[in-house]
Amino acid sequence: MAQRRRRSGDAWARGLAALRTGPAAFLARAGADALASELLSDLRGERLSESTKVSLLAAIQEFPAQLWPEPALAEDAACKLLDTLALLPPRPSALHRPLLLAVTSLLAACGALGPLSGATSRLLPLLLRAASLRAAGPEQRALQATACECLHELESCRPGLLAGQLGLLRGLQDAPGTQPHRLLFTLALRNALWALACSGGPASLHGLLRARGEGAQRGDTQAWDWTLEAPGALQPEPWDWTLAGEDVCHWAAPEGQGAWPEPGPAPLELQPSEARELRAAVSQLLDASYLLTPPAQARLLRQLSQVLGAVRGQPPALLKPQLVRLLGTARVSLLHAVLAWKDAFGEALFTAQDEALLLRRLVGAAQHPALPPPARLFYLHCLLHFPENWPLGPADEEGAPVLLTPSLATGLLPSLLQDPPDLLGRLHLLCLLCGEELGGDSNRECQGPEAQALDYLQGLLACLRQGAAQPGASRSSATLCFRASYLATRCLASHPGALAQLIEGLAEVYRVRPCLAPHFVDLLEQAGPVLAEPLGKALQQVAVAGSGGAQALQWHLQILTKVAGSQPLGPTLAFLWAAIGQRGAWGREQSLLRVCRALLRGKGLGGAAPGDLANLLQELARGLDDPDGRDRARLYYSLFTHLSAPKLGSAMGPTLSIPMLGSSLVEENEGFTSALTVQEAQAPLRLSRVPQQAKEPPVILGLSVEASEVLYSLELRFRVLGPHYAPLEAVQVPCLRPGASPKLLLLPLEPRRPYPAVLDISVLYATPSGLTCYAQLPMLPVAFADLFLPLPQSSPEKTPSCAFQELWASCLPGGVESCMWGPWRGHALETLVTQHWEPFVMSATPPTSYQVAIRLPPNSRLLLQLETAGEDGVKVALRTDDWAVLPLAGEYLRGLGAAT
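Residues numbered from 1 in each chain as written. Predicted model: local features only at pLDDT ≥ 70, side-chain atom pairs only at ≥ 80, totals over all residues. Heavy atoms only, no water.

Concerning the sheet that holds strand S4 (residues 711–721)
And step 1. Spatially, five strands are ordered S1-S8-S7-S4-S5 in an open sheet, and the strand pairing comes out mixed. Because the sheet does not close on itself, it has two edges, and the strands there are strand S1 (678–680) and strand S5 (731–736). The mean angle between the axes of side-by-side strands here comes to 30 degrees, regardless of whether they run parallel or antiparallel.
And step 2. As paired strands, S1 and strand S8 (residues 772–782) are joined by three bridges and run parallel to one another. Paired with Gln-679 across the strands is Cys-773, a residue of S8. (Pairing = 2+ DSSP bridges. Helix = DSSP H or I, 4+ residues; strand = E, 2+ residues; numbered from the N terminus. Axes fitted to C-alpha atoms, helices over the stretch in contact; angles between N-to-C directions.)

Here's the deal with helix H14 (residues 272–287)
And step 1. Taking 1.5 Å of rise per residue, the 16 residues of H14 would be expected to cover 22 Å, and the 22 Å separating its terminal C-alpha atoms lies within 8% of that figure.
And step 2. For H14, the set of buried residues is Glu-274, Ala-275, Glu-277, Leu-278, Ala-281, Val-282, Leu-285 and Leu-286. (Expected span 1.5 Å × (residues − 1). Buried < 20%, exposed > 50% of the residue type's maximum accessible area, 1.4 Å probe, protein only.)

Here we look at the packing of helix H3 (residues 32–44) against helix H6 (residues 71–86)
And step 1. As a packed pair, H3 and H6 sit with axes 10 Å apart at the nearest point and diverge in direction by 10 degrees. Classed by the angle they form, the pair H3 and H6 counts as roughly parallel. Residue-level contacts link Leu-40, Leu-43 and Arg-44 of H3 to Ala-77, Lys-80, Leu-81, Asp-83 and Thr-84 of H6. (Parallel < 35°, antiparallel > 145°, perpendicular 65-115°, else oblique. Contact = heavy atoms within 4.5 Å.)

Overview of the sheet that holds strand S6 (residues 743–749)
Where strands meet in a sheet, backbone hydrogen bonds hold them as pairs that are either parallel or antiparallel.
And step 1. The antiparallel open sheet is built from three strands, whose spatial order is S2-S3-S6. Each of the sheet's edge strands pairs with one partner strand only, and the pair in question is strand S2 (685–690) and S6. Neighbour-to-neighbour, the strand axes of the sheet open up by a mean angle of 30 degrees, direction not taken into account.
And step 2. Two elements, S2 and strand S3 (residues 699–707), share six bridges in a ladder whose sense is antiparallel. Across the sheet, residue Arg-689 finds its bridge partner in S3, namely Leu-703.

Section: the nonpolar core
Nonpolar side chains in soluble globular proteins generally cluster together in the buried interior.
And step 1. Leu-81, Trp-837 and Leu-866 are the most contacted members of the largest nonpolar core, which totals 222 residues.
And step 2. For this core, the leading source of residues is helix H20 (residues 420–438), giving nine residues.
And step 3. When neighbours within four sequence positions are excluded, Leu-866 is seen to be in contact with Trp-824, Leu-829, Trp-837, Thr-848, Ser-849, Tyr-850, Val-852, Val-874, Lys-875 and Val-876. (Core = buried A, V, L, I, M, F, W, Y, C linked by side-chain atoms within 4.5 Å.)

Comments concerning the packing of aromatic side chains
And step 1. Applying the stated criterion across every chain, the model contains 10 aromatic pairs.
And step 2. A centroid spacing of 5.7 Å and a plane angle of 35 degrees characterise the contact between Phe-345 and Trp-883, whose relative ring orientation is tilted. With Phe-345 in helix H17 (residues 332–345) and Trp-883 in the loop between strand S14 (874–880) and helix H35 (885–899), this residue pair connects regions lying 538 residues apart in the sequence.
And step 3. The class of Phe-345 is buried, set by a relative accessible area of 5%.
And step 4. Looking at Lys-342, its charged tip hangs above the ring of Phe-350, at a distance of 5.8 Å from the centre. (Phe/Tyr/Trp six-rings, centres within 6.5 Å; stacked < 30°, edge-to-face > 60°. Lys NZ or Arg CZ within 6 Å of the ring centre and 35° of its normal.)

A short note on the environment of Pro-159
And step 1. With respect to the secondary-structure elements, Pro-159 resides in the loop between helix H9 (138–157) and helix H10 (166–171).
And step 2. Distance in space between the C-alpha atoms of Pro-159 and Asn-191 is 5.3 Å, their sequence separation being 32 residues.

Description of the pairing of S3
And step 1. Where burial is concerned, most of S3 is hidden: seven out of the nine residues are buried.
And step 2. In terms of strand pairing, S3 meets S6 through seven bridges, oriented antiparallel. What sits directly across from Val-699, in S6, is Leu-749.

Describing the pattern of salt bridges
And step 1. Applying the stated criterion across every chain yields a total of 20 salt bridges.
And step 2. Residues Asp-631 and Arg-634 are paired through a salt bridge, measuring 2.8 Å at the closest nitrogen-oxygen approach. With Asp-631 and Arg-634 both in helix H30 (residues 627–642) and three residues apart, this pair spans about one turn of that helix.
And step 3. Here Asp-631 falls in the partly exposed class, since its relative accessible area comes to 29%. (Salt bridge = Lys/Arg side-chain N within 4 Å of Asp/Glu carboxyl O.)

Overview of the pairing of strand S7 (residues 757–766)
And step 1. Counting buried positions along S7 yields eight of 10 residues, so the element is predominantly enclosed.
And step 2. Here S4 pairs with S7 via eight bridges, running antiparallel. Along S7, the bridge assignment pairs Val-720 with Leu-759.
And step 3. As paired strands, S7 and S8 are joined by nine bridges and run antiparallel to one another. For Tyr-765, the partnering residue across the bridge sits in S8 and is Cys-773.
And step 4. The loop that links S7 with its antiparallel partner S8 comprises five residues; one of these, Gly-770, has a positive phi angle of about 100 degrees.

Regarding the packing of helix H7 (residues 96–109) against helix H8 (residues 118–132)
And step 1. The contact between H7 and H8 brings their axes to 11 Å, and the two run at 135 degrees. In terms of orientation, H7 and H8 fall into the oblique class. For the pair H7 and H8, the sense of crossing is left-handed. Residues Leu-100, Val-103, Thr-104 and Leu-107 of H7 lie in contact with H8, whose contacting residues are Ala-119, Thr-120, Leu-123, Leu-126 and Leu-127.
And step 2. Counted by class, the contact of H7 with H8 contains seven nonpolar, two polar and no charged residues. (Left-handed = near helix turned anticlockwise from the far one by under 90°. Nonpolar A, V, L, I, M, F, W, Y, C, P; charged D, E, K, R; others polar.)

Topic: helix H19 (residues 373–384)
And step 1. Relative to the 16 Å expected for 12 residues at 1.5 Å per residue, H19 spans 16 Å between its end C-alpha atoms, a close match to the ideal helical length.
And step 2. Taken residue by residue, H19 has Arg-376, Phe-378, Tyr-379, Leu-380, Cys-382, Leu-383 and Leu-384 as its buried positions.

Digging into the environment of Arg-376
And step 1. The topology assignment puts Arg-376 in helix H19.
And step 2. Taking the C-alpha atoms as reference, Arg-376 lies 4.5 Å from Ala-366; in sequence the two are 10 residues apart.
And step 3. Beyond its immediate sequence surroundings of up to four residues, Arg-376 is in contact with Ala-365, Ala-366, Gln-367, His-368, Pro-369, Leu-371 and Asp-422.

Structural data, given as structure tokens:
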């Protein structure tokens, strides 16, 4: 058999360039097995230079899965690379780091990483020793950083892999140049906590953090000799794969995205000694975090916040010194970390002064003239999506930051001289501020700065509309005008005066430039019913008036196709009769038929003379030039005169799931199939809450269901938005009739954390006409108070007061305590307790003192001590064994105070 001719360095350079240009084509031509074998063989040869071998190893890192598609093949290749690494001379070499990276990429990308892999059992101790040696020169430090990077990648692929080496990694934090070690230890600590919570095993975090840490701190590690042989003092124990997710838990998101796996376990319970050891490790990392580069700091701070959030009873107070340091940062990555803390911890970490300072810095940076436009847009984006301590409205409702006032945001007013992205971002913020000041009172008039802000907004929108209405105006000006109008509509929907002025201005734009009809159609599709109904009426009035003459007829027909079905029939019919005499072009005839179709499937056919529409269809069937158009008009006439309104609407409705067909007759016939498919509709159904008093888990949510029409075979589907509740099963109801007694549904909720939630509700039902319909019902909030359950009864030997005091003392030191003042005077406290907390009162001295014990599923407690303070109000002391409950309880009590 002839011996293969080895490639030269230039030949390999050309081959690797062709591989990177088209990997699939090159491997199909050269053969993956042959190329992989050639790579491994030439890496061990002596003919190629080190730089060429580094290029070969880079190709292995880029295309491991293509070269070795099977895990067994990747295992063999990794073993050969490790053998090549062992053959390197004991001197600094440029191949050590690429070889480690190549083996790591092979095992991680090809699915060969695991406890049964021989290459894995060789690589892990090798990397750990390389990361543990004290580096003296730049080559050693580079190798040490590479080993940390490889361990970081393996830990990301198998979370919990380094849990057994936490003590050794912790002991490496004091060595010089330890940024890679700190990042590796932080990731390993976070994943170890999560793996321990998933497994529920007997492993002790205290033992993991202390094991092998003392030896590393005493300097038992030997100097790196470039042979990568195992020193006896650092020979690691057999690797513990039970914490690495092997048949324990499944991870849904990579580490780099900063996302926890879903679904996740409950927070980990630690012993006091373990909690102290964890706080010491976290404090050690935080104290030295300022030595890291900003991106590394941001990653470390995000992961440490996840560490604190994964352990029950660990308040975020450890982060307070770093928060004080970072509130003045100008680094984007660190600002990301601060905003993530704000989102995760809220008022448990941020005071009102902290929030105000952060807002002032964001406002100043968003208008700083020395910053480039992308940076200013980033800070503006942070303002528009500023995380609050608690939501003040529905989950999907936008709002400006609570402490951001119009006077503070004066420098962020939009201007026509700004670039469109900057202008739209500032206008969005101005709209949110105006909407916040107007609030939900649609009849209240603005005064002072609020009126000035609203007037400025209206003036700016008017200028944008004026620019879009200019003859020959560019498309970009029209696009900017409609995007700004859409933002204003979303934020000012509750203010009829501002909305009416906006609609009047848009109707004038259409009257001047009917060619903007496609933009108006897009705006009507995107805007909600608050704008679509009045704007559609205004546009119909302009269209039927015939503005623009015969040249604008096609644009008017396009508008009427969109709005005719929901507007009065008479004006549209009169306009269509007048437009029949201007037909002639095929496109114009098709536009006329589209308007007729919109009228047939619309809601207002009974409001005007239906005979006028029938006569119009007959006239089109006789007078259109196109035979296909005449057939369509004849079909419309037959359907209109022979079908009931529900069937007619079903036949004329859109069939989005069916592709557009060439023949319009076939397209219309396809409408009949929609009667046999599930139709999206507005359900004649109403859900309302019914109070339920649950004595034990699960939490029962009572729902009353009523229908305004006869409905059969209903299936109500519930989906909890967020990860903190178990999935809910669908509920079947055989029949609902109007006027009958409401149907009571008992919906069991299983919270994984005692947090409020929102239920997304949809219904599938059948109608008496035989249609199957699907509808989306309004979302239903699950409040914090809906989760309240009474605690189990204490033993009869103890008085209720003594039992409450024992519960009160058991909340600390692992929990948290707070106090507040309630504005309840006189007998208001007694009334409040009777209405809201009567099932949870353990001990009371009416009407001056109450002790309330509440159980929050799955395993949290909330204790309240209420004592009147004369005419000043009520002193409320509260304790909980879960600090995350504290802001929710504070919001709940403040809501009760506001209600009084």
